[in-house]
Amino acid sequence: MHSGREMKARRPSARRRVGVVAVIALGVVATGPVVPSAAATVAGAPVNIVAAGGNGTGKMTVDWDAPASNGGASITSYAYSISADSGAWSAITSTNSTATLKTLSCTGVSNCRFRIYANNSAGRSAASTAATGVWSAPSEPRSITATGSGTGTASVTWTPPSNNGGKALSGYVVERSNDGTAYATVATAGTAARSATISCTSATCLARVRATNAIGSGTPSDAVPVAWAPPEAPATHAHLVDGALGRFEISWEPPVSTGGLTVTGYQHATCASTVSACQTGTATFGSTTSVSASARVIPVTCGSLSAAGCGSYRVRAVTSAGPGPWSAVAGTSGFATVFADEFSGTTLDSSKWAVEHSTYGDGNNSLQCSTPRPENVFVAGGTLTLRARKETTPYACPGETRTTFLNAGGRTYTSGHIWTKNKFSSTYGTYEIRAKLPTQAATSKGMWPAFWMRPTSDFYGGSRSGEIDILEAIGSGATGTSYDEAVQTLHYNYAASGTSARRTNTYTLPGGARPADGYHTYSVSWTPGELRWYVDGAMVMVTNRATNNWTVPSGATWPAPFDRPFYLIVNLAVGGDWPGSPDAATAFPADYGIDSVRVWQQG
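Just so it is clear, the model here is predicted, and its values are computed rather than measured.

J.: Would you mind showing me how to read the side chain of serine 358 here?
T.: Within the secondary structure layout, serine 358 lies in the loop between β27 (354-355) and β28 (368-370). Taking relative accessible area as the criterion, serine 358 reaches 14% and is therefore assigned buried. Reaching out from serine 358, the side chain makes a polar contact with the backbone nitrogen of tyrosine 360 at a distance of 3.0 Å. In this view, serine 358 contacts Cys369, Ser370, Cys397 and Pro398; residues no more than four positions away in its chain are not counted.

J.: Is there a simple way to think about the pattern of salt bridges in this case?
T.: As a working rule, side chains carrying opposite charge can pair if their charged atoms are close by. Under the defined criterion, the tally for this structure stands at 12 salt bridges. Here glutamate 391 and arginine 373 are joined by a salt bridge, their closest N and O atoms 2.8 Å apart. Taken together, the residues glutamate 391 in strand β30 (residues 383-395) and arginine 373 in the loop between β28 and β29 (377-380) connect sequence positions 18 residues apart. By the burial criterion, glutamate 391 is buried, and arginine 373 matches it. Here glutamate 391 makes a salt bridge to arginine 389, at a shortest N to O gap of 3.1 Å. Overall, the relative accessible area of 28% leaves arginine 389 in the partly exposed class. Salt bridges here are not isolated pairs; linked through shared partners, they connect Glu175, Arg208 and Arg210.

J.: Teacher, can you tell me more about the pairing of strand β8 (residues 111-120) here?
T.: When a strand is regular, its side chains alternate between the sheet's two faces. Of all 10 residues making up β8, 9 are buried, and the element is well covered by its neighbours. Here 8 bridges tie strand β5 (residues 77-84) to β8, and the two strands are oriented antiparallel to one another. Following the sheet pairing, serine 77 is matched in β8 by asparagine 119. Relative to strand β10 (residues 131-134), β8 is paired through 4 bridges, and the arrangement is antiparallel. Counted as the bridge partner of cysteine 112 is glycine 133 from β10. Two strands pair when backbone bridges link them, and β8 and strand β9 (residues 123-124) are joined in this way by 2 bridges, in the antiparallel orientation.

Criteria and thresholds
- Residues numbered from 1 in each chain as written.
- Predicted model: local features only at pLDDT ≥ 70, side-chain atom pairs only at ≥ 80, totals over all residues.
- Heavy atoms only, no water.
- Helix = DSSP H or I, 4+ residues; strand = E, 2+ residues; numbered from the N terminus.
- Buried < 20%, exposed > 50% of the residue type's maximum accessible area, 1.4 Å probe, protein only.
- Polar contact = N/O pair within 3.5 Å; in protein donor to acceptor, adjacent residues only side chain to side chain.
- Contact = heavy atoms within 4.5 Å.
- Salt bridge = Lys/Arg side-chain N within 4 Å of Asp/Glu carboxyl O.
- Pairing = 2+ DSSP bridges.

Okay, structure coming up:
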């Protein structure tokens, strides 16, 4: 049923696309005309554009929002244009995407500007407002470490920054502070570097790193303190200086590695027991005593030599970062006499000594023949005498091969030479001679007394096996002064030419005393890695790895060659390359008097 009036169709909304409108009223279907849609227009410009330096080299990240109006048609893509360093705009390039975030390459040195366009079926929009993206300096390097390595230096390491500011890194700058406030550049490194060495002498030294690019120097890393390693334990030695008085010296070498800092001093502590008890903790050490950085020895006097000794010692080095570990224990216990001859009889003890009968010494161009005759070697009154003689009748020496030295078929000079070869030898110990030398002023030119040691065999190949000269001296003519001197030498290699690699020292006795005036004591204390020479108990030369070392033979390890058994030699040479030949004033016979020869070892 209807009212009798016709219903009018409503006009569709302009935003609806309707071609046919069906009206259902009172059961009647009506049709109306198709209304065309409005034509699409270009979209509005994109908005809210933002640009920032990216993480990749030469790229920036650009972000924007879709335009407020799409012009009545969907956005099909976006386009962009770039201006480097405020220069001309590039041609417009489509992105072929509707995404509103892009990473765009840029050749700007300091900045790039970007304009974005929206595309729809009606065309391209106007340009957005320009957004400027500025390159930045790099972020801070990461994972910084600083470790002391070598005297006064430290190794600083890092990994690259997470953000290079959009520009390729150009390098690194390493900065140092000694107090945590003011920093100074102390090293630079290339882009591929991950470490640098800096100088630093403070225990509180701090290090930090900056990365650099074309924009500048970035944020510094966290500052880290240099981790100084402690100094190594010193090599510590026990030396017997005088067995009769129980005089010792505990010496030490500077540590090979100081952990990167200068040694400022040493500390030592005493334990009143044997080495083994003190080392294992059965006996305990007392409080520490501090000494200067130049100190190297602790004098110890027991009053007598006994198996128990009179204490043990340990030493440690100190730097500004603190003390290092304690050394191994060195002590005065366990020393015993292993060889002694006081020459109290009337003949030389053949169980201890052999007497040479040869031209031994020709390598030095010596002139004598060493003989076993009582004219040249004899014991009397508690003294062994080696006597050099000028023969009225030339002496025919057995095994003579060098006619250069002959006079009517024999040698003009004879003398004495004894040794313990094949009878006694040892490795390490204290070796002592008490002797009066034939090196008086003006009348001793050509005299060459010696007390020395050679290895039992050529372990390291001939001359490389070493020689320890405990005492050598040469006489003087009318104008010479060498009669005043005692010489100590360590030979560790002889060249083919006869020259020697060596450590040597010349000592003049104090107070006007002279080697020919009376009996004086000459000794060497030989421990693993260190030798110390003494004259009348005064240390006159030391050689060890840290201060005055020797060359190790090829293929061997320290302390070679001085790690093998050596035997003793006492001799009086006449003439030779060093002292020269006797002159008309040289007094004959010339006597080298030996009161005693002793050897102690620590068992």
